[in-house]
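Here is how the chains run, residue by residue.
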Amino acid sequence: MNWPAIAFDWNHIRAFLATVEEGSFSAAARALGQTQPTLSRQISAIEAELGITLFERGHRGMVLTEPGRALLEPVRAMAEAATRVSLTASGQSSQIAGRVTLTATDGMAMHALPPVLVKLRQLAPEIELDIIASNDVRDLTRREADISIRHARPEQPELIGKLLRATRAYLYANPAFLDRHGRPKTTADLSRYEFIGFDRDERVLAALQAIGLPLTERNFKLHSASGPVIGELIRNGLGIGVLTEGFAALNPGLERVLPGLPPIDVPVWLVTHRELHTSRRIRLVFDLLAEELGR
């Protein structure tokens, strides 16, 4: 073991990771229960210890440098290992028990959650997890769920939200559908096509209109509140639909419609009640989801 090579302070590494994950020095300081000057000194210290610059600081905020980006993956692995050390040392792996209710969209519950839950079972096998696969936004303030994965930022002050990432969505169709109806050349051409809507949600139509599509409610002949169902409707040639890149990758036979169109940003928020600060089981599940789904 090369001991001199690992002489840096873990608290300084933690300050770096928190700054990246939280998005700013001030947010990281709040998350770690520190003052911003203290956190800034820790960042400067780890830069001096490693001999690299992690952030470019300017009037528009901080930007992660190339050496900083290169450190992210090993630092995240360190954080995961540190979490397991803490759990093992305190005996929490076997002692954290009880029920946690998690709600997520059906697509997220089917495809993104299972690998994370494998790790959860290893970390805390006594936690009982109820998964509600639904596109309805559950009311966490009324304890309909403990943790929610949703596509909208929480507005209630008693909720804690963490933006995990922003996915991108595009228009997709079955190539056979486009063979029958012709491939649109311009956005104006789309006004004569049939679309598949998401649960009669007006925000979807508004998002499509915002990127210049001349669509109205008359274009939407089919609706579903289920992401997998929408994927199947598109795959069977029943219209054009909006899918995230990740969901479209599960259906490799689909074709992007008007590939030059700008993407529709779809944020992924992890939300919980403020009991996160007092419940060890909710905190454990929340932190694991944030770490794994935020990658």
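Structure's up top.
All figures in this text were calculated on a predicted structure; none of them were measured in a lab.

Cut-off values and rules
- Residues numbered from 1 in each chain as written.
- Predicted model: local features only at pLDDT ≥ 70, side-chain atom pairs only at ≥ 80, totals over all residues.
- Heavy atoms only, no water.
- Buried < 20%, exposed > 50% of the residue type's maximum accessible area, 1.4 Å probe, protein only.
- Helix = DSSP H or I, 4+ residues; strand = E, 2+ residues; numbered from the N terminus.
- Pairing = 2+ DSSP bridges.
- Phe/Tyr/Trp six-rings, centres within 6.5 Å; stacked < 30°, edge-to-face > 60°.
- Lys NZ or Arg CZ within 6 Å of the ring centre and 35° of its normal.
- Expected span 1.5 Å × (residues − 1).
- Polar contact = N/O pair within 3.5 Å; in protein donor to acceptor, adjacent residues only side chain to side chain.
- Salt bridge = Lys/Arg side-chain N within 4 Å of Asp/Glu carboxyl O.

Novice: Summarise the pairing of strand β3 (residues 98–104); cite the residues concerned and give the values.
Specialist: Across the seven residues that make up β3, a large majority, five, are buried. By the bridge criterion, seven bridges tie β3 to strand β4 (residues 127–133) in an arrangement that is parallel. Looking at the pairing, Arg99 lines up with Glu128 of β4. Strand direction decides the pairing type here: β3 and strand β5 (residues 147–150), joined by two bridges, are parallel. Residue pairing across strands places Leu102 opposite Ile147, the latter belonging to β5.

Novice: For helix α2 (residues 25–32), give the residues involved together with the corresponding values.
Specialist: Looking only at α2, the buried set comprises Phe25, Ala27, Ala28 and Ala29. Gly33, located one to two residues past α2, shows a positive phi value of around 70°.

Novice: Report on the packing of aromatic side chains, specifying residues and quantitative values.
Specialist: Throughout the structure, instances matching the rule amount to four aromatic pairs. Look at Phe16 and Phe55: their rings are 5.7 Å apart centre to centre, the planes differ by 50°, and that puts the pair in the tilted class. Here Phe16 is found in helix α1 (residues 10–22), whereas its partner Phe55 is found in strand β1 (residues 55–58), with 39 residues between them in sequence. With respect to class, Phe16 is no different from Phe55; both count as buried. Ring plane angle 80° and centroid distance 5.7 Å describe the contact between Phe25 and Phe55, whose orientation is recorded as edge-to-face. With Phe25 in helix α2 and Phe55 in strand β1, the pair connects residues that are 30 residues apart, well separated along the chain. By the ring-pair criterion, three or more aromatic residues cluster together here, those being Phe16, Phe25 and Phe55. The ring of Tyr170 carries the charged tip of Arg256 above its face, separated from the ring centre by 3.7 Å.

Novice: Tell me about α1, and name the residues and values.
Specialist: Between its first and last C-alpha atoms α1 spans 18 Å; for 13 residues at 1.5 Å apiece the expected length is 18 Å, and the two agree. When α1 is considered as a whole, its buried residues turn out to be His12, Ile13, Ala15, Phe16, Leu17, Ala18 and Thr19. The N-capping residue of α1, defined by a side-chain oxygen 2.8 Å from the backbone nitrogen of Asn11, is Asp9. Backbone geometry just downstream of α1 places Gly23 in the positive-phi region, at approximately 95°.

Novice: Which residues make up the pattern of salt bridges, and what values do they have?
Specialist: Taken as a whole and assessed by the stated rule, the structure comprises ten salt bridges. With a shortest N-O distance of 2.7 Å, Glu232 and Arg235 are connected by a salt bridge. Of this pair, Glu232 and Arg235 both sit in helix α10 (residues 227–235), three residues apart, roughly one helical turn. Counted as one network, the salt bridges with shared partners bring together Asp179, Arg183 and Glu255.

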